[in-house]
Amino acid sequence: MISFTEDYDDELNAFLIWMKDAGYTPHTQKSYLADVREFLNSLNGKGLESVKKLHVVSYLTSVRERGVSDATRNRKHASLNCFFKALIELEVYNSNPAAGIKKSKTEKNREPVYLDESDLERFLSVIEGKYKGRNLAVFLLMSYMGLRVGEVHILNISDYNRERSSLRVFGKGRKWRNIPVPEGIVPFLNIALEERLDPWRQKEEALFISQKGRRLSIRGIQQIAADTFNRFQSGVPAAQRRPYSSHKLRHSFATMLLRKGADLRTVQELLGHSSIQTTTVYTHITSREKEEAMSKLRVHLPQLRNEIS
């Protein structure tokens, strides 16, 4: 397959500079560039000045026809919107053909996949291997403090305050938040620090180091989680396995908090959500809880029963 992305090297470099200056994480930069390159390649060499909204919609339609999720389609749309916005701000381009295109409707009422506390303990118990201490700390931060994979990835040693037992987290929207470290997590985090691998670079500040001596990557965390979830569900028939992933640990944290009576606003702050509407997805009620609630009703209507019998 012929690639046409070399024709847009100047624009792609300008976009990368813009993202770096705006403070986008390396992971986001990589994802957005990959999406934009895919779109540009679909233009078959057409100049950017000739790109219309129709071309963007056509690309997004082709993406959907490939079977990607609505969330992925919306992310690709966001990448293109950001790309053209950057070119306009840098005075490289003067219009945004990705603006004004509707997002795909996602399943807002879909119940998030999460683990109950007992399942969470069992998941943590199957963590194994040479780097068990590090991996256990990583998953504890996600399941009992609600950190995103990317937030764990960019944690530095200096972000952990041992004296105050608090963690400073750099989240979405370039916002910092301070999270108290639960008493039960402190020993595991301290052990992970004591067992921290020697970094390849002397000045590497990453809290979690890979076996190659570099900052533990997002993909690395996701793969460790996938392997652990495979062991966790090893005795479950393939057709009955749940789609667990590293991000589901964050879902579990939010669900536990709300079930223990935490108010929505506090959960929003702990998760680092910019809008409380995002947090409401965790207010789901399971079928078991519905059944328990309904069983408390005492329906006693003998007179009516006699009338219809």
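Up top you'll find the structure we're talking about.
In short, a report on the structure. (Residues numbered from 1 in each chain as written. Predicted model: local features only at pLDDT ≥ 70, side-chain atom pairs only at ≥ 80, totals over all residues. Heavy atoms only, no water.)

1. With respect to the overall build of the protein chain
Point 1. When its secondary structure is counted, the protein chain shows 14 helices and 3 strands.
Point 2. Buried positions account for 39% of the 309 residues belonging to the protein chain.
Point 3. Within the protein chain, contacts between residues at least 6 apart in sequence are counted, and of these 59% link residues at least 24 apart.
Point 4. Summed over all atoms, the accessible surface of the protein chain reaches about 18,800 Å², with 50% contributed by carbon and sulfur. (Helix = DSSP H or I, 4+ residues; strand = E, 2+ residues; numbered from the N terminus. Buried < 20%, exposed > 50% of the residue type's maximum accessible area, 1.4 Å probe, protein only. Contact = heavy atoms within 4.5 Å. Areas by Shrake-Rupley, 256 points an atom, 1.4 Å probe, with all protein chains shown as cover.)

2. Regarding the packing of helix H1 (residues 9-22) against helix H2 (residues 26-42)
A pair of packed helices can be characterised by two numbers: the angle between their axes and the separation between those axes.
Point 1. Where H1 contacts H2, the axes come no closer than 11 Å and their chain directions differ by 155°. Here H1 lies roughly antiparallel to H2, going by the angle between them. In terms of crossing hand, the pair formed by H1 and H2 is right-handed. Residue-level inspection shows Leu 12, Phe 15, Leu 16, Met 19 and Lys 20 of H1 in contact with H2, the latter providing Gln 29, Tyr 32, Leu 33, Val 36, Arg 37 and Leu 40.
Point 2. Broken down by class, the residue content of the contact of H1 with H2 amounts to 8 nonpolar, 1 polar and 2 charged. (Axes fitted to C-alpha atoms, helices over the stretch in contact; angles between N-to-C directions. Parallel < 35°, antiparallel > 145°, perpendicular 65-115°, else oblique. Left-handed = near helix turned anticlockwise from the far one by under 90°. Nonpolar A, V, L, I, M, F, W, Y, C, P; charged D, E, K, R; others polar.)

3. Considering the packing of aromatic side chains
Point 1. If you walk through the whole model with that rule in mind, you get 15 aromatic pairs.
Point 2. Residues Phe 123 and Phe 232 carry aromatic rings whose centres are separated by 6.1 Å and whose planes lie at 85° to one another, so their mutual orientation is edge-to-face. Placement of Phe 123 in helix H5 (residues 117-125) and of Phe 232 in helix H9 (residues 218-232) is noted, with a sequence separation of 109 residues between them. No difference in accessibility class separates Phe 123 from Phe 232, as the two residues are buried.
Point 3. Arranged with centres 5.2 Å apart and planes meeting at 15°, the rings of Phe 229 and Tyr 244 form a pair that is stacked. With Phe 229 in helix H9 and Tyr 244 in the loop between H9 and helix H10 (247-259), this residue pair connects regions lying 15 residues apart in the sequence. The residues Phe 229 and Tyr 244 share a single accessibility class, namely buried.
Point 4. An aromatic cluster is present here, built from Phe 15, Trp 18, Tyr 24, Tyr 32, Phe 39, Tyr 59, Phe 83, Phe 84 and Tyr 93 joined pairwise through their rings.
Point 5. A cation over an aromatic ring shows up here: Arg 168 above the ring of Trp 176, its NZ or CZ 4.2 Å from the ring centre. (Phe/Tyr/Trp six-rings, centres within 6.5 Å; stacked < 30°, edge-to-face > 60°. Lys NZ or Arg CZ within 6 Å of the ring centre and 35° of its normal.)

4. Considerations on the sheet that holds strand S2 (residues 166-171)
Point 1. Ordered in space as S1-S2-S3, the 3 strands form an open sheet in which the pairing is antiparallel. Every interior strand has two partners, whereas the edge strands, strand S1 (160-161) and strand S3 (175-180), have only one.
Point 2. Examined bridge by bridge, S2 and S3 share 6 bridges and lie antiparallel to one another. Paired with Ser 166 across the two strands is Pro 180, which belongs to S3. (Pairing = 2+ DSSP bridges.)

5. Describing the nonpolar core
Point 1. One finds Phe 139, Leu 147, Leu 167 and Phe 208 to be the most contacted residues of the largest nonpolar core, which totals 46 residues.
Point 2. Breaking this core down by element, the ones donating at least two residues are H5, helix H6 (132-145), helix H7 (149-153), S2, helix H8 (186-194), H9, H10 and helix H11 (264-271).
Point 3. Among the elements that make up this core, the one with the highest residue count is H6 (8 residues).
Point 4. Ignoring anything within four residues of it in the chain, the contact list for Leu 147 reads Leu 141, Met 142, Val 152, Leu 155, Leu 167, Val 169, Arg 177, Ile 179 and Arg 250.
Point 5. Among the nonpolar cores identified, the runner-up in size contains 27 residues, and Leu 12, Met 19, Val 56 and Cys 82 belong to it. (Core = buried A, V, L, I, M, F, W, Y, C linked by side-chain atoms within 4.5 Å.)

6. Some remarks on the packing of H5 against H6
Point 1. H6 packs onto H5 with a crossing angle of 165° between their chain directions and a minimal axis gap of 11 Å. Between H5 and H6, the angle falls in the class roughly antiparallel. For the element pair H5 and H6, the recorded crossing hand is right-handed. Residues Leu 120, Glu 121, Phe 123 and Leu 124 of H5 pack against Leu 136, Phe 139, Leu 140, Ser 143 and Tyr 144 of H6.
Point 2. When its residues are assigned to classes, the contact of H5 with H6 shows 7 nonpolar, 1 polar and 1 charged.

7. Things to note about the pattern of salt bridges
Point 1. Summed over the entire model, instances satisfying the criterion amount to 14 salt bridges.
Point 2. Ionic pairing is found between Lys 260 and Glu 117, a salt bridge with its closest N-O pair at 3.1 Å. In this pair, Lys 260 sits in the loop between H10 and H11 while Glu 117 sits in helix H5, placing the two residues 143 residues apart along the sequence.
Point 3. Residue class for Lys 260 comes out exposed when judged on its relative accessible area of 59%.
Point 4. For Arg 215, the salt bridge identified is with Glu 204, shortest N-O distance 3.4 Å. Of the two residues, Arg 215 is situated in the loop between H8 and H9 and Glu 204 in the loop between H8 and H9; the sequence distance between them amounts to 11 residues. (Salt bridge = Lys/Arg side-chain N within 4 Å of Asp/Glu carboxyl O.)

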